[in-house]
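# Inside the fold
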Amino acid sequence: MQIPFPIKYIDCVIILMLLCSCTSEKTLTVNFNTYVNGEELEYGKKYASPNGDGTFALYDFKLYVSNLQLISTTNPEKDYFEKESYHLLKFHTSNNYSFVLNNISLESYDKIGISIGVDEEANLSIKNPGDLDPTNQMAWNWTSGYKFLLFEGLYYPESSENEIPIVFHIGFSENKKDLVFDITSKNEIQFDIEITELFKNPNIIDFNELPKVLFNKEHSALIASNYFNSFIKLK
């Protein structure tokens, strides 16, 4: 039986529409590479102290990146907001951490926004969207919320034969920092993290004087001001 021309024509149009819808969008990988004094992060390796004398070694480093959005300055209606956008960046096996956004093309966007930390509503909620899971060992309690950034290691001062534990657990809702970057590549998103910037820009943190920050709001705010600056850059 011969199919009437109009029906065949409609079928072709449908097939072409489906093909276009499948190829117009793609997956986007968001990469974070971590460095210490410009060298790739390696746990247990000794690096020159960012301030003061001696060296330090890092044994655990994690941070929350949240509220990812892709921004079109020419057509704000196209702005993309990732759902349940809470990512815990971990670097136990390499200096790189990445995640994938599905059905996204960078061609429509010229800026990307992220937050370091967790917004107040999610920070104090018993719900666990994204990577907000207490088993990740980043939750303090339900009244204090999450650690936004965890840095643990050992400091080896030249003036002493004894190493000093260095522990920085930074949280509190007011220390969430929102960052916006100009997108320079339409093929990938690659962030570089320089850990020593946590301790020198703009606030100088000397491990001899301040080796630990836990529940202290004043000291936590110093570190948060530093990770708002050149701690993360879009490559």
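Above this text is the structure in question.
In this report, the structure presented in the accompanying data block is examined. (Residues numbered from 1 in each chain as written. Predicted model: local features only at pLDDT ≥ 70, side-chain atom pairs only at ≥ 80, totals over all residues. Heavy atoms only, no water.)

### What to know about the overall build of the protein chain
- For the protein chain, the helix and strand inventory stands at three helices and 15 strands.
- Counting across all 235 residues of the protein chain, residues that qualify as buried make up 46%.
- In the protein chain, once contacts between residues fewer than 6 apart in sequence are set aside, the share between residues at least 24 apart is 74%.
- Working note: accessible area of the protein chain is about 12,600 Å², and carbon and sulfur atoms make up 52% of it. (Helix = DSSP H or I, 4+ residues; strand = E, 2+ residues; numbered from the N terminus. Buried < 20%, exposed > 50% of the residue type's maximum accessible area, 1.4 Å probe, protein only. Contact = heavy atoms within 4.5 Å. Areas by Shrake-Rupley, 256 points an atom, 1.4 Å probe, with all protein chains shown as cover.)

### Observations concerning the packing of aromatic side chains
- Across all of its chains, the model carries 19 aromatic pairs by this definition.
- Seen from their ring centres, F61 and F231 are 6.5 Å apart, and the 80° between their planes marks the pair as edge-to-face. Separated by 170 residues along the polypeptide, F61 in strand β4 (residues 55–71) and F231 in the loop between α3 (217–227) and β15 (232–234) bring together distant segments of the chain. This pair shows no difference in class: F61 is buried, exactly as F231 is.
- Ring geometry for Y64 against Y146: centres 5.9 Å apart, planes inclined by 80°, an arrangement best described as edge-to-face. Highlighted residues: Y64 in strand β4 and Y146 in strand β10 (residues 145–156), separated in sequence by 82 residues. Neither Y64 nor Y146 differs from the other in exposure class; each is buried.
- Over the aromatic face of Y156 sits the side chain of K46, whose NZ or CZ is 4.1 Å from the ring centroid. (Phe/Tyr/Trp six-rings, centres within 6.5 Å; stacked < 30°, edge-to-face > 60°. Lys NZ or Arg CZ within 6 Å of the ring centre and 35° of its normal.)

### Notes on the pattern of salt bridges
- Tallied over the full model, the rule gives five salt bridges.
- K62 is the partner of D60 in a salt bridge, and the nearest nitrogen-oxygen pair spans 4.0 Å. (Salt bridge = Lys/Arg side-chain N within 4 Å of Asp/Glu carboxyl O.)

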